[in-house]
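Structure assessment
Okay, here's what each chain looks like letter by letter:
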Amino acid sequence: MPSTLDGQLVVAISSRALFDFEEENRIFEAQDDRSYMQLQLQRLDVPARPGVAFSLVNKLLAFNRGAPGTAPRVEVVILSRNDPVSGMRVFRSAQHYGLPIQRGVFTRGQSPYRYLRPLNAHLFLSANEADVRAALDAGFPAARVYPLSARASDAHPSEVRIAFDGDAVLFSDEAEQVFQSDGLDAFQAHETHRAGTPLPAGPFKPLLEALHRLQREGTPAMRIRTALVTARSAPAHERAIRTLMDWQIEVDEAMFLGGLPKGEFLREFEPDFFFDDQMRHVENAAPHVPSGHVASGVTNLASSGAQGHTPHNGGCP
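Residues numbered from 1 in each chain as written. Predicted model: local features only at pLDDT ≥ 70, side-chain atom pairs only at ≥ 80, totals over all residues. Heavy atoms only, no water.

1. What to know about the overall build of the chain
For the chain, the count of helices and strands is 14 helices and 12 strands. Here the chain has a C-alpha radius of gyration of 19 Å; the compact-globule value for 317 residues is 20 Å, and the two agree. Here the C-alpha coordinates of the chain stretch approximately 60 × 50 × 35 Å along the principal axes. The burial tally for the chain puts 53% of its 317 residues in the buried class. Within the chain, contacts between residues at least 6 apart in sequence are counted, and of these 76% link residues at least 24 apart. (Helix = DSSP H or I, 4+ residues; strand = E, 2+ residues; numbered from the N terminus. Rg over C-alpha atoms; globule rule 2.2 N^0.38 Å. Buried < 20%, exposed > 50% of the residue type's maximum accessible area, 1.4 Å probe, protein only. Contact = heavy atoms within 4.5 Å.)

This is the structure we're talking about:
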């Protein structure tokens, strides 16, 4: 029978999100792709160091460690602008760390996001902003990783910990549009009046649903702990909670911070990854936890505004 990924949580990830290829990326940016390819070939037997999303991937794959004959629950696929030769080092590095990753697509400089559709991916992580935006436009949960983010804590070896912003990430940017156009008071009034009306889904609802299913199935090796970390405060908190209730999805922690910086709260939660649509929140979080930018919603309409904030935007993914 043909292989299928049906029923699995599918994570597509670039090589630079999974492993630390920052030194190699500097060669790519300073010279050309052939110099980069030659360097990767020279280092074929040198395992790359874990990258910003390594902990997330490693823990999610632990859900496959069930009884013999049990169908896999998580599939991780390398989806990369790397060339196939450099892809050999990616697979060898994964093997070195015991990551059972078998599938990969390498496109040598072309955007790989179009392969998300046949994979039916629930998440795409990449260091390339253009690829992430294209994936989001195509309807897939996607985030641009910060390769120089802090690495995940090793304090929770049996828990996948993931933190999400609310508006424009789990939820649509409907309320954020009100805040941007009319200010905080109008936003609070809008959300209070609509407290009983669920928010439309945002780009990361499919990932949260898939994580919820994975958690329900359970495994003795690993569990999932989620957190909603939002700038909302009372009374606007109620609509967020009721929306999750309407979706029949539970989160373990909710932080309604009323505009306080998120970084130190995330440092205490110790997620394996944090997703937010606003650059300032990602930049505040990145020194503490692995972080990714979700380029969706009204705050990201002007692409030049998002690109101006952070380095490592191009290069090898």
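2. Here we look at the nonpolar core
Side chains of a nonpolar character, in soluble globular proteins, are inclined to be buried together. Counting 68 residues, the largest nonpolar core has L125, F164, F204 and F275 as the members making the most contacts within it. Residue contacts for F204: discarding those within four places in its chain leaves L123, P141, A142, A143, F164, V169, L170, F275 and V294. Core analysis: the second largest hydrophobic core is formed by 10 residues, A163, V229, F274 and A285 among them. (Core = buried A, V, L, I, M, F, W, Y, C linked by side-chain atoms within 4.5 Å.)

3. What to know about helix 7 (residues 129-137)
The element helix 7 is extensively covered by neighbouring structure, given that seven of its nine residues are classed as buried. E129, D131, V132, R133, A134, A135 and L136 are the residues of helix 7 that are buried. The N-terminus of helix 7 is capped by N128, whose side-chain oxygen sits 3.1 Å from the backbone nitrogen of A130. (Polar contact = N/O pair within 3.5 Å; in protein donor to acceptor, adjacent residues only side chain to side chain.)

4. Regarding unusual backbone geometry
In this structure, the amide linkage connecting A234 to the following residue, P235, adopts the cis form with an omega of 10°. Tracing the backbone through its elements, the reader meets P235 in the loop between strand 9 (223-230) and helix 11 (237-247). Backbone geometry at Q248 places phi at a positive 60°, although glycine is not the residue there. With respect to the secondary-structure elements, Q248 resides in the loop between helix 11 and strand 10 (253-256). You can call Q248 exposed: its relative accessible area is 66%.

5. Comments concerning the side chain of Q40
On the secondary structure map, Q40 appears in helix 3 (residues 33-42). The residues contacting Q40, other than those within four sequence positions of it, are F21, E24, S86 and R89.

6. Topic: the packing of aromatic side chains
The way to describe two aromatic rings as a pair is by their centre distance and the angle between their planes. Taken as a whole and assessed by the stated rule, the structure comprises 11 aromatic pairs. Seen in terms of ring centroids, F179 and F187 are 6.1 Å apart; in terms of plane orientation they differ by 80°. Their pairing is edge-to-face. A residue is classified by how much of its surface remains accessible, and F179, at 34% relative accessible area, is partly exposed. One aromatic cluster in this structure is built from F19, F21, F54 and Y97. Sitting over the ring of F269, R161 keeps its end group 5.2 Å from the ring centre. (Phe/Tyr/Trp six-rings, centres within 6.5 Å; stacked < 30°, edge-to-face > 60°. Lys NZ or Arg CZ within 6 Å of the ring centre and 35° of its normal.)

7. Some remarks on the pairing of strand 5 (residues 103-106)
Relative to strand 5, strand 4 (residues 74-80) is paired through four bridges, and the arrangement is parallel. Of the residues in strand 5, the one forming a bridge with I78 is G104. Between strand 4 and its parallel partner strand 5, the chain crosses via helix 5 (residues 84-96), and the hand of that crossover is right-handed. (Pairing = 2+ DSSP bridges. Right-handed = clockwise from strand over helix to strand, strands pointing away.)

8. Examining helix 5
Every α-helix winds through 3.6 residues per turn, so residues three or four apart in the chain are directed the same way. Across its 13 residues, helix 5 extends 19 Å between first and last C-alpha, which sits within 8% of the 18 Å expected from 1.5 Å per residue. Among all positions of helix 5, only S86, G87, R89, V90, S93 and A94 are buried. Axial view of helix 5: buried residues confined to an arc of 155°, hence all on one face. Turned more than 90 degrees away from the buried face of helix 5 sit P84 and Q95, all of them exposed. Its buried side turned inward, helix 5 meets helix 1 (15-18), strand 2 (19-20), helix 2 (22-30), helix 3, strand 4 and strand 5. At the N-terminal end of helix 5, a side-chain oxygen is found 3.0 Å from the backbone nitrogen of V85, two or three residues along, and the residue is D83. (Expected span 1.5 Å × (residues − 1). Arc of directions from axis to C-beta.)

These values are about where atoms sit, not about what they do.
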